[in-house]
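# Per-entry structural report
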Amino acid sequence: MQSKTSSSEPRDNSAVQSEAGLKKSRAPGWFNPALFRKNLTRFWPLWTLYAVIWLIMVPLVQMLTLTAKSNLATASERAVQAAETLLDTAATGGLIMGAAFGCLFAMALFSYLCSARAVGMIHSFPIRRDSLFWTNYLSGAAVFVGTDLVTLLLTAAIQAANGALDWGNLAAWFACSAGMMLFFYSFACFCAMFTGQILAIPAFYAILNILVLGINFLVQNLASAFYYGYTSSTPAWVVWLTPAYALSSRVSVNGVWDQSRYLYTRWLISGLPVVGVYAAAGVVFALLALAVCIRRRSETAGDTVSISWAKPIFSFGMALCFALSLGQGLYFLVWQSFRSSGDNSLPAVVFCMVVLGLVGYFAAEMLLNKSFRVLRSHWKNALAVTAVLIALGVGLGLDLTGAVARVPAANDISSVQMDISGWNSFSAEITDPALIDSVCQAHQALIGEKEEQQDRGQTSGTDYWYAYVKLSYLLKNGATVIRNYNIAYNKADLEKPESAVSILSGIVAAPKVQRANLFQSVDPKKITGGEMGYLDSDGSYQYKDFGEGAAREIYAALCEDIDAGRVGVSQFDQAAWDKNGYANNLAFYYDSEDGSNAGTSIQFTDDYTALIAALKKTGVVTASTPLEKQAEVNTSADDTDTESAVPAAAASAASGEG
Amino acid sequence: MIEVRNLVKRFDGFAALDGAALTVPTGSVYGLVGPNGAGKSTLIRHVTGIYRQDEGELLIGGEPVWENPALKAKIAAIPDDWYYFLQASVRDMMHFYRGFYPNFSMERYEKLKEVFAIDEKRTIRRLSKGMQKQAAFWLVMCCMPEYLVLDEPVDGLDPVMRRQVWSLVMSDVAERGTTVLVSSHNLRELEDVCDHVGIMDHGKMLLERSLAQLQDNMVKLQVVFPDGMDAVPADLPVVHASRIGRIHTLIMRMSAEEATRRVEQYAPLLVDAVPLTLEEIFIYELGGANYAVKDIVL
C-alpha cells in the first residue's frame, strides 16, 4: 500500500505556488462582474418581459395617442391627452409593475439561496456575502433603471417628433416608476432573505405588504363588535405601513380644467414626495436585507424561515393572523347565524379564535419543521397561544384599554366631524372650543346611556325614533378618535337637558354648526343660481330655477334664520319635522374650487321664517309653484288612495260582486 | 496546512460536528472516511467556507476561511452534488468560474479539453452523471487551487476516467504541492492515493494518522506452526487470528520485525509478513463493530 506522493511529510509548496501567485489577483471587492454578467444573461426572459411591457405602455401608447386620427382635433389636445396617459401610467402602471416585477426580480436574483446545491457552489466561491448581495441587488436595479431610462429616452424622442416634448412629465414618470420599483424590489429582497423556499418569497412579500392594514382591520372589526360605540378607522400610520395602498391612494393624476374652453389644459401628478419617501424606505430595506444576508446561514436553504429569531415570530404571528381572520370568520359564519343581529357572544368568538389560532400555530410549526409531528413537541407554546387569545378576549370584555369610556379631553381636540343620519341627515365640522366642549358632554352622555340604549336596541316598534351619530375627533397631536352610536330616543329624552340627544340637539341648532352643515363648501360669492322643487297641480314633482340674484337673496335669508337659531331645532324632533316640514326641496348652485359646477340642497320647515319670506319675495314661491307641507302631501296621497278605493268598492257592490 | 480544532456545528439542536479535529499537512493527500452521517460533508462545507461553525477553529494556511475571499481563491472544491446553471454549458461555467478565481488557467482549460472529451458547448444537464463529474473536475483543476477539496469525487466515473482524474490530481500534488482533502467511502481507492487518513463518526474524528504510521503499527503474518501445535500460542498478542488448513493468519499490533521475532520463538515452519490493506487496518485498528466499520468499506 503506497501513496502516490513520494512522502507523507508536509512539503513547502510556496515556491511552486508562487508562480500562480504572481498573477495579479482580481480579488473581489464589493462587486463581482462575472456574477453581474451571469445575472443579466441568465434571467433575460424576465428582463425582456419587463422591458417589453414598459415599451408598450409608454412609448408605443404615446406614439399612438400623439399620431392617431381621433376626435381630438388639435395637436395640443392630443398632447394633453398624451400627458394624462403618461402620468396615469406612472401612477397606476408604476405601482402595478413595481409590485409585480419587484418581487419577480428578487425571486430570480436570490433564488440561489433556496437551493442547497446552488448555495453550496456560490458560497464556496472567493467572494464575501456582502459582495454577493450587492452584485445581485445591483443586477436587478441596473435592469429596471436601465429599462426605465431607455423607455424615457424613446418616449422623449416620440414626443419630440410630434412636437409634444414635455421633460417635466417625463421626469415625473421616471421618478414615479423607478421610485416605486426601487421600493418594491428592495422590500422583496428583504423578504427573500428570510426564507429558503422560493414560493415563500412572494407569499411573505404579499402578506407583509398588506399585513398592517389587515391586522388593523381585523382588530378594529373585533373591537367594534364588542366595544359600545367603537368604530373601525384607518390611522395614517397604518396607511403608511401598507405601501401598495398608500401609493395607490396618495399618488394621483389631476387635470387643470379650463371652464371657458370646457377641457383640461394640463395634467399634473401629485404625491411624488410620497414616492420619494418609499424610495428612501427602499434603500433602508436594501441595507436591512444586506444585514440579514450576511448573518443568514447557508444551511437554511429549503427552510420556510431561514432566520432563527424570525421563526417564533412566524409561528406566533401566524397563530394571531389565523385567530383574527379565520377565527372571526368562523364566528361570523357559523355562530352568528344562530344569534340575533347585534347580539355578539364574546365567549363564542374567543372559542373560535382559539381554535383557529391553534390551527395557525401548528400549521406554522409544521412548515418550519417540515413534519406533521409537532403536536407533542409544541404543546407548551400552544398553551401560550391559547392563554394569549383568552386574555385578549377577557381584555376585550373588560374594556381594559378604556376604549368604550374614552372621551378625548376638549383641550386636546382640534376639530370634530359630527355626522347624524336617520330620517334627517346632518354633517358638520366643529372647531369652536365651546361647541367642542358640548360635543364632549354629549359623548359622555351617550356613554352614560349605554345600558339603556342597548335595552332600547332590543325593542322593535314605534316607541322610539332612531338616529345614527358619528363623532370623528381630530386631536391636536394628529391622532383621530372615531365613535358611532345608534341611538333610540323619544320626545321625553329631547326635553331632558342632560340627555345625550338633547345636548346634540342644542349643538345642531348652533349657527356656526348649521352654517358648516349647510354650506361646508359653499363660498357665497360663487353662488350662481338655484332651484326649488314643488308639486304641480298634477301632483308631480317639478323644479323651478332661479337666477344668481334671487339665489343670493334667498341665501342671505337662510343665513338670517341660521343666526337666529331657527335652523336645526327640529333635527331630532321627528314629530315637529313631520308637522312643519315642507315637501319642497331647495338647492343652490355654485362654482366649486376646481371650477366645476356643484350644488347643495336643503330641506326646511316653518321655523325658517326669513327663508320662506324671501322665497315669496323673490317670486320663487307663487300660486303655481306653491309651498306644501310634507304632512299635507302625505294626507293628500292617503286621501287619493281612499278615493280611488271607494268608487271601486261601490262599482263592485253595484255589480253584486260583494 | 488545514487545521480544524474542536469544530462544533449544530442543526436544530443536532450536533453534526461535535468537536471534530483535523490536520491536513501541506502538500498531502488526506482521505476522510466515515459511515453515512458521520459529518464528513459538513466538515468539508466548513473547509470550503460554506458553513460557519458554532464553535471551534478552522484555519487554512493559518487564516480563518470564513468570509476570506483571498484565501478562498486558493481553494477549489467539488461537492458530491456539483451545481451548474440550468442552461449552462461547460464553456458558460468556465466563464463564470474564471470571473471568481484569479488564477484560472485558460491554458490548462484548453489542454484538459482533450482529456475529458466533452463538448464544451453542450448544456451540462444534457450530459450523463459521469460526464458532469468530469466537467466539474475540468473546471476545478483550471482554478489552479492550492487546496483541493473533494467530496466523493469519483462517484459515477468509469474506471478509466477514475484513473485519469486521480492521475491529474496526483500530478498537481507532485508538481504544485497542492493539498488535497478527499472524502470517500471507497477505502480501496483512497489507499492508492492518500498519505494521510482520518476516520469520522458521530461528528468526531476517531482516528487520524499517516498511512505509513498505520502500516508500521500493524502487521499481518502468515504462519505455519510445527506439527502438534494446532492453536495459536496464548502469549502471542494477536488482535485477530484465522486459519485455513495449516496456515494461520495473525494480525498483530506491532512492527513486522517484532512480530516475526516473537513468532519465531515457536519454531514455525513458515513465517511471512504481508502488508495490510487500508480496509484491514481500519477494521482491526478500530476494533470492529463499535465503529460500524462495515459502513465504510465497500
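Note that the structure is a prediction, hence the values are computed from the model and not measured.

## Description of the pairing of strand 11 (residues 219-224) of chain B
Residue and element names in this part refer to chain B. Summarising the sheet, strand 11 and strand 13 (residues 247-252) pair through six bridges and their orientation is antiparallel. When the sheet's bridge partners are listed, Val 223 is paired in strand 13 with His 248. With five bridges connecting them, strand 11 and strand 14 (residues 270-274) associate as antiparallel partners. The residue of strand 14 that forms the bridge with Val 223 is Val 271.

## Focus on the sheet that holds strand 6 (residues 480-489) of chain A
All names here are of chain A. One open sheet accounts for four strands, arranged 4-3-5-6; its pairing is antiparallel. The sheet terminates laterally at strand 4 (426-430) and strand 6, the two strands that pair on one side only. Each adjacent strand pair in this sheet contributes to an overall mean axis angle of 15 degrees, direction not counted. As paired elements, strand 3 (residues 413-422) and strand 5 (residues 465-475) share nine bridges and run antiparallel to each other. In the sheet register, Ile 420 faces strand 5, and the bridge partner there is Val 469.

## Here we look at the interface of chain B and chain A
With 51 residues of chain B at the contact, the number on the chain A side is 36 residues. When contributions to the side of chain B that touches chain A are tallied by element, the ones reaching two or more residues are helix 2 (69-72), helix 3 (90-100), helix 6 (159-176), helix 7 (187-193) and helix 8 (211-217) of chain B. By residue number, the principal contributor to the side of chain B that touches chain A is helix 6 of chain B, which donates five residues. Partitioning the side of chain B that touches chain A into residue classes produces 27 nonpolar, 13 polar and eleven charged.

## Topic: the domain arrangement of chain A
One frequent convention defines the size of an interface as the accessible area lost when the parts assemble. Each assigned domain of chain A is listed with its residue range as follows: domain 1 (33-224 + 233-305), domain 2 (311-397), domain 3 (422-516) and domain 4 (519-627). Domain 1 of chain A and domain 3 of chain A are separated by 46 Å when their C-alpha centres are compared.

## Regarding unusual backbone geometry
Residues and elements named next belong to chain B. A positive phi is found at Glu 67, a non-glycine position, where the angle reads about 55 degrees. If you trace the backbone, Glu 67 turns up in the loop between strand 5 (63-64) and helix 2. Residue Glu 67 is classed as partly exposed on the basis of its C-beta count, with 16 C-beta atoms lying within 10 Å. A positive phi angle, near 50 degrees, is found at Ala 267, a position not held by glycine. Within the secondary structure, Ala 267 sits in the loop between helix 9 (256-264) and strand 14. Its 9 C-beta neighbours within 10 Å are what place Ala 267 among the exposed residues.

## Topic: the nonpolar core
All names here are of chain A. Grouped together as the largest cluster of nonpolar side chains are 159 residues, with contacts concentrated most on Leu 87, Ala 106, Ala 188, Cys 189, Ala 192 and Ile 201. For this core, the element with the highest residue contribution is helix 4 (residues 75-109), accounting for 18 residues. Aside from chain neighbours lying at most four places away, what touches Ala 188 is Gly 102, Cys 103, Ala 106, Ile 201 and Tyr 205.

Cut-off values and rules
Residues numbered from 1 in each chain as written. Chains lettered and ligands numbered in written order. Predicted model: local features only at pLDDT ≥ 70, side-chain atom pairs only at ≥ 80, totals over all residues. Pairing = 2+ DSSP bridges. Helix = DSSP H or I, 4+ residues; strand = E, 2+ residues; numbered from the N terminus. Axes fitted to C-alpha atoms, helices over the stretch in contact; angles between N-to-C directions. Contact = placed C-beta atoms within 7 Å. Nonpolar A, V, L, I, M, F, W, Y, C, P; charged D, E, K, R; others polar. Domains from an automatic or database assignment. Buried ≥ 20, exposed ≤ 12 C-beta atoms within 10 Å, placed from the backbone. Core = buried A, V, L, I, M, F, W, Y, C linked by C-beta atoms within 7 Å.

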